[in-house]
2 protein chains.
Amino acid sequence: MDLIVRGGTIVTMDGERRVIEDGAVAVTGGRITAVGTRAEVEAKYTAREIIDARGKAIVPGLINGHTHVPMTLFRGLADDLDLNEWLTKYIFPAEAKNVTEEFVRVGTRLGLAEMIRGGTTTYADMYYFEDAIADETAKAGVRGVLGETVIDFPVADNKTHEEAMAYTQKFVKKWQGHALITPAIAPHAPYTVSEEHLKAVRAFSDQTKAPILIHVAETRKEVEDSVKSKNARPVEYLSRINFLNDRVIAAHVVFADEGEIATLKRAGVGVVHNPQSNMKLASGVAPVPQMLVADLDLGLGTDGAASNNDLSMWEEMDTAAKLHKVTSGDPKVVSAQQAFEMATLRGARALHMEREIGSIAVGKRADLVIVDLDDLNQTPLYNIYSHLVYATKADDVRTVIIEGRIIMRDRRLLTLDENDIKTRARAFRERIIKSLAPSGTQTGKI
Amino acid sequence: MDLIVRGGTIVTMDGERRVIEDGAVAVTGGRITAVGTRAEVEAKYTAREIIDARGKAIVPGLINGHTHVPMTLFRGLADDLDLNEWLTKYIFPAEAKNVTEEFVRVGTRLGLAEMIRGGTTTYADMYYFEDAIADETAKAGVRGVLGETVIDFPVADNKTHEEAMAYTQKFVKKWQGHALITPAIAPHAPYTVSEEHLKAVRAFSDQTKAPILIHVAETRKEVEDSVKSKNARPVEYLSRINFLNDRVIAAHVVFADEGEIATLKRAGVGVVHNPQSNMKLASGVAPVPQMLVADLDLGLGTDGAASNNDLSMWEEMDTAAKLHKVTSGDPKVVSAQQAFEMATLRGARALHMEREIGSIAVGKRADLVIVDLDDLNQTPLYNIYSHLVYATKADDVRTVIIEGRIIMRDRRLLTLDENDIKTRARAFRERIIKSLAPSGTQTGKI
């Protein structure tokens, strides 16, 4: 074996939701080869490298189902605004003036570093220059479903639909088959990409098997506009044009009625819930309890740091569990275990990767996270799922293993240079502030 | 001077909301004696002890306006339940079988350690054996408004109203005038304390000037029951019996209409919003935007760790800002600056202590928190309030000063023994689990 992690409490998230005390996980060739008690595993296997996880939890790597990782450079650029004002006065101008391949690389490294430190091992991204994002992600040793954006107006990397499709063709061809990177195509939303272009995207996906990432039904305005212009709500519209299938990953889906939830389930669409972003932008509250009853392939995402403003999946789990309790009036919905599932196994289903990731099971990719269980904010411990969802924080993550490789050990990043990242991020901050003056940014007194 | 903190960005929360770059704060005799730029302060003063805060923020100590600190020992004991089931099947039995003075001391130390590490310098508490809580709080060097519980059934420390009043009389007399401890009386709620006893509490407060801590209008059921039995909603009822004044601190107030908000404002009542607890127990969403428009003395609290499940005021600020955006549909309500105010200056007003704490201003108590500004999750920095509310976490707090005394330095607790606390907390966990068997606790597989 290449690696054995031993001695911790394994929260497997396997079919029986086994929690194994004093467990061990053996890894070889980037995959999990044995899971059991320490005694069972050690009786059969030895390894080149042993990680002691006594007193800690060993959990499946967390899955951030929706983000825009380079936007980490815009964290806190503008807050407490209408989505429209936020986008048109701050984010779009900031993007128009600043997004280059170098921006994307620095922002990706910054976001990756934060995600690794929080135990995220797989993330789904939608942005520009996605080939550079893939390159940085692969170098950092992180798993990604990375979607190049297709949108019906000129953007930083591609000026036309044809350019974007050509870029994506090349991008998908280059990365397909990579152990860590799943290249994808990301039509921005049903209201920013024409029916013709959505159909072209779907045809491209049919041909290449590349997943499709798309924003769907994020705001009430989107739904109202869709009804006006297309005589159908967004999910209905996408269903009508035969866009939906089991390669589609729909972010947000704040507005979906029972019929639409059934449509998404029938088509095998993965859905990603982004509670903190939906709250901060006042978009609305997705019908998550109903989606869970329908057993939808429902994951969790942070969205970009510009609308969150962090990439912590621990906070996203905690918020998901609490938000739906108060909005439904039922404290039993979205239990801690369900929230943890959304960040692991169900999140893997949302990305159509449940055969590869999402649980600690023999044959799956070795994406493992070792988490402290006895920080002050975690004392005492009664129930492991409650503990992970309601009490654990990103900084309780100790060690991160992706594809069998140790990416962070005892909170030290092994594939990224934290100081270099911060220095470069600060330099971009200066440029971004200058680029937005004198129209003014919300930069306050600092 | 005893102490100068210098070189950081001072977020004063003073009348002009000054943010001072490369600032300095001078402290003597536990109070702030100078605030200004480093150059200004250093030209006038030297100090026995200098703390370098370059690259960091210096903010007023955070104020946790409502908790039950010993309940930290019940963190995660039972979750995802109806308030009634949670209370009657888990919390009340666990309390009946476990709450002793020793339990209270250990739980208080555990909660204090977590609060200090998160930058909380003042907290308001309602529990039993409050004299022991005061003793532990004073020893740890933390500021507290500590209310001994008065309730119309026998509890751990006092079996009758008369016993509770006699205990409180002695308790208040003992601690009044202490630099850190404000002893208070805490009638549990309008539905658990009779009108006669509430009037006795108010008379006691009138005589001693002790603050009154009380839960008010936390759930819809409480409001409905109040209307049925008293022909008035909770706030109306308390107003009718002349209970409300500017020594009252009302926790929750989830249900208050425009008239009741005006009543609270007119009476000078402090109100403490507990968003995470209200979400987790599905209690409801307090009308915080309306309360802010009315300029209520509105603070923030974590409630007990059993219903949160942590004591981080950073998460409480973040959640408050986001929750009211999504429930009101307006992303401009509860701005980052307003959320930060609720945890500092407005929180001080809620505890009727705004002349003593809540901002960094000459003459106020020297409760200062030094916060990192360049953790990965905080990079880059555009706006200081957004940064503090949406990006900063409890573990970004570096150094905590209360009443001019350094309580935590570079994340090392100086007044509490973290390992001893954890060991004792784990021992109580064993006892608590045994005490609830065989009726069973929600302790899952671990």
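Residues numbered from 1 in each chain as written. Chains lettered and ligands numbered in written order. Predicted model: local features only at pLDDT ≥ 70, side-chain atom pairs only at ≥ 80, totals over all residues. Heavy atoms only, no water.

J.: Help me understand the interface of chain B and chain A, please; the structure alone is not making it clear to me.
T.: The accessible area lost on association of the parts is a frequent measure of interface size. On the chain A side, the residues contacting the 73 residues of chain B number 73 residues. Interface area for chain B against chain A, summed over the two sides, is near 6100 Å², with a carbon-plus-sulfur share of 58%. A:Asp82 is paired through a salt bridge with B:Lys332; the nearest N and O atoms lie 3.8 Å apart. The set of elements that each furnish at least two residues to the side of chain B that touches chain A consists of helix 3 (101-117), helix 10 (275-280), helix 12 (313-328), helix 15 (384-391) and helix 16 (418-436) of chain B. Looking at which element gives the most residues to the side of chain B that touches chain A, the answer is helix 16 of chain B, with 8 residues. Of the residues assigned to the side of chain B that touches chain A, the class counts are 28 nonpolar, 18 polar and 27 charged. (Contact = heavy atoms within 4.5 Å. Buried area = accessible area lost by both parts, 1.4 Å probe. Salt bridge = Lys/Arg side-chain N within 4 Å of Asp/Glu carboxyl O. Helix = DSSP H or I, 4+ residues; strand = E, 2+ residues; numbered from the N terminus. Nonpolar A, V, L, I, M, F, W, Y, C, P; charged D, E, K, R; others polar.)

J.: Even after reading the chapter, I still don't get a negative patch on the surface, so can you show me in this structure?
T.: Together, A:Asp152, A:Glu162, A:Glu163 and A:Glu196 give the surface a local cluster of negative charge. Relative to the assigned elements, A:Glu163 resides in helix 5 (residues 161-175). (Patch = residues over 30% accessible without salt bridge, like charges linked within 9 Å, V, L, I, M, F, W, Y side chains within 5 Å. Areas by Shrake-Rupley, 256 points an atom, 1.4 Å probe, with all protein chains shown as cover. Lys, Arg positive; Asp, Glu negative; His and termini not counted. Charge placed at Lys NZ, Arg CZ, Asp CG, Glu CD.)

J.: For this particular structure, what's the right way to read the sheet that holds strand 6 (residues 49-52) of chain B?
T.: Strand pairing in a sheet takes place through backbone hydrogen bonds and is either antiparallel or parallel in direction. All names here are of chain B. Taking strand neighbours across the sheet as the criterion, the 4 strands line up as 5-4-1-6 in an open arrangement whose pairing is mixed. At either end of the open sheet lies a strand with only one pairing partner, and these are strand 5 (31-37) and strand 6. Adjacent strand axes in the sheet meet at a mean angle of 15° when their direction is disregarded. In this sheet, strand 5 lies alongside strand 4 (residues 23-28) in antiparallel orientation, the contact comprising 6 bridges. (Pairing = 2+ DSSP bridges. Axes fitted to C-alpha atoms, helices over the stretch in contact; angles between N-to-C directions.)

J.: Please clarify how the relation of the copies chain B and chain A should be interpreted in this entry.
T.: Note that the two copies of the chain are related through a rotation about an axis and a translation along the same axis. Superposing chain B onto chain A takes a rotation of 180° combined with a translation of 0.0 Å along the rotation axis, leaving an RMSD of 0.0 Å. In the structure described here, the two chain copies are related by an operation that fits a two-fold rotation axis. The position closest to the rotation axis in chain B is occupied by the C-alpha of B:Asp395, lying 3.7 Å away. Mapped onto chain A, 100% of the interface residues of chain B are again interface residues, and the two copies thus contact each other with one and the same surface. (Least-squares fit on C-alpha atoms with pLDDT ≥ 70 in both.)

J.: Explanation requested: the nonpolar core in the structure shown.
T.: A general tendency of soluble globular proteins is for nonpolar side chains to be buried together. Residues and elements named next belong to chain A. Ranked by internal contacts, the top residues of the largest apolar core, which has 122 residues, are Phe74, Phe243 and Phe340. The biggest single contributor to this core is helix 3 (residues 101-117), with 8 residues. Both domains that furnish three or more residues to this core are identified here as domain 1 (3-60 + 367-413) and domain 2 (62-350). (Core = buried A, V, L, I, M, F, W, Y, C linked by side-chain atoms within 4.5 Å. Buried < 20%, exposed > 50% of the residue type's maximum accessible area, 1.4 Å probe, protein only. Domains from an automatic or database assignment.)

J.: Teacher, can you tell me more about the packing of aromatic side chains here?
T.: Each aromatic ring pair is described using two quantities: the centre-to-centre distance and the angle formed by the ring planes. Residue and element names in this part refer to chain A. By the definition in use, this model includes 12 aromatic pairs over all chains. Residues Tyr127 and Tyr128 carry aromatic rings whose centres are separated by 4.8 Å and whose planes lie at 50° to one another, so their mutual orientation is tilted. A single burial state applies to Tyr127 and to Tyr128, both of which are buried. Members of the aromatic cluster, joined through ring pairs, are Phe74, Phe103 and Phe428. When the ring centre of Tyr237 is taken as reference, the NZ or CZ atom of Lys230 above it lies at 4.8 Å. The side chain of Arg431 reaches across the aromatic face of Phe428, ending 4.2 Å from its centre. (Phe/Tyr/Trp six-rings, centres within 6.5 Å; stacked < 30°, edge-to-face > 60°. Lys NZ or Arg CZ within 6 Å of the ring centre and 35° of its normal.)

J.: Help me out: how do you make sense of the sheet that holds strand 3 (residues 19-20) of chain B in this one?
T.: All names here are of chain B. Pairing is mixed across the open sheet formed by 7 strands, whose spatial order is 3-2-7-16-17-18-19. Of all the strands in the sheet, just strand 3 and strand 19 (412-413) have a single pairing partner and so form its edges. The pairing of strand 2 (residues 9-11) with strand 3 spans 2 bridges and is antiparallel. Bridge assignment links Val11 to a residue of strand 3, and that residue is Val19. Those strands touched by helix 15 are strand 2, strand 3 and strand 7 (56-60), and its axis lies near 80° from that of strand 2.

These values are about where atoms sit, not about what they do.
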